[in-house]
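# A look at the structure
Given next are the chains, with one letter for each unit.
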Amino acid sequence: MSTNHHTFQLNATPRTDFHRSTLRKLRQHGRVPAVVYGAETENLAVYVDEKELLKVVRSGRSEFFDLNVEGGPTVPALIKDVQQQQGKILHVDFQQVSKNKPIRVKIPLHYTGTAAGAKVGGVLQIQETELEVEGLPDVLPASLEVDISSLDAGDKLMAGDVKLPEGVTMHAQPEELLASIVLPRVADADLAKEASADGEPEGTVGADEAKE
């Protein structure tokens, strides 16, 4: 199952002054310097409002949005990279995309349900929280929901087990491990003791009893 896109709007203002003092003033006033890398146009230096940017960042990097450039066009874009320091965004790169050309992105994975193996002492171990896929911007999901309720103790979830929406193809290896249900060592030891006890033939005599 996938979560559909909800198109966001983000306003950007072109910038021509690249001095450190100017960049510092922008950040002090709640603005974030950015660069728009164009698929069909030249790269463009801009700045955006930090609060508005955070709304887009929280939506996920796989979700495209409309970037409204002051005095210029409105273009569909994705977040390509975010530079942060101590939790504060210092700079962001936007990638202009074409709605008619497939793009390759990493989609967040949302694991849902309670694994069957967890009910008998198993522990869910998550190896991957994203999956690399490709598709047209309009069909790419913002996230993928993966139901793990059928996973029993010892089971593994592979990339090839994830169902993708129509028009979306996977670029990860099908055998890539996403998650697994493992038993803690204590539980393993208890199971081994139980197996040993169950496997002992009836009527056997212990070593101490044999000496009597």
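Residues numbered from 1 in each chain as written. Predicted model: local features only at pLDDT ≥ 70, side-chain atom pairs only at ≥ 80, totals over all residues. Heavy atoms only, no water.

## Remarks on the environment of Leu90
Following the sequence through the fold, Leu90 ends up in strand β7 (residues 88–96). You can call Leu90 partly exposed: its relative accessible area is 24%. Discounting chain neighbours no more than four positions away, the residues touching Leu90 are Arg27, Val32, Pro33, Gln83, Gln84 and Gln85. (Helix = DSSP H or I, 4+ residues; strand = E, 2+ residues; numbered from the N terminus. Buried < 20%, exposed > 50% of the residue type's maximum accessible area, 1.4 Å probe, protein only. Contact = heavy atoms within 4.5 Å.)

## Digging into the pattern of salt bridges
A complete count under the given rule lists four salt bridges for this structure. Arg31 is paired through a salt bridge with Asp49; the nearest N and O atoms lie 3.3 Å apart. With a gap of 18 residues between them, Arg31 in strand β3 (residues 31–37) and Asp49 in strand β4 (residues 44–49) connect regions that are remote in the sequence. For Asp49, a relative accessible area of 26% gives the class partly exposed. With its nearest N and O atoms 3.4 Å apart, the salt bridge here joins Glu50 to Lys88. Remark: Lys88 occurs in strand β7 and Glu50 occurs in helix α2 (residues 50–59); sequence separation between them is 38 residues. On the basis of relative accessible area, Glu50 is assigned to the buried category, the value being 18%. (Salt bridge = Lys/Arg side-chain N within 4 Å of Asp/Glu carboxyl O.)

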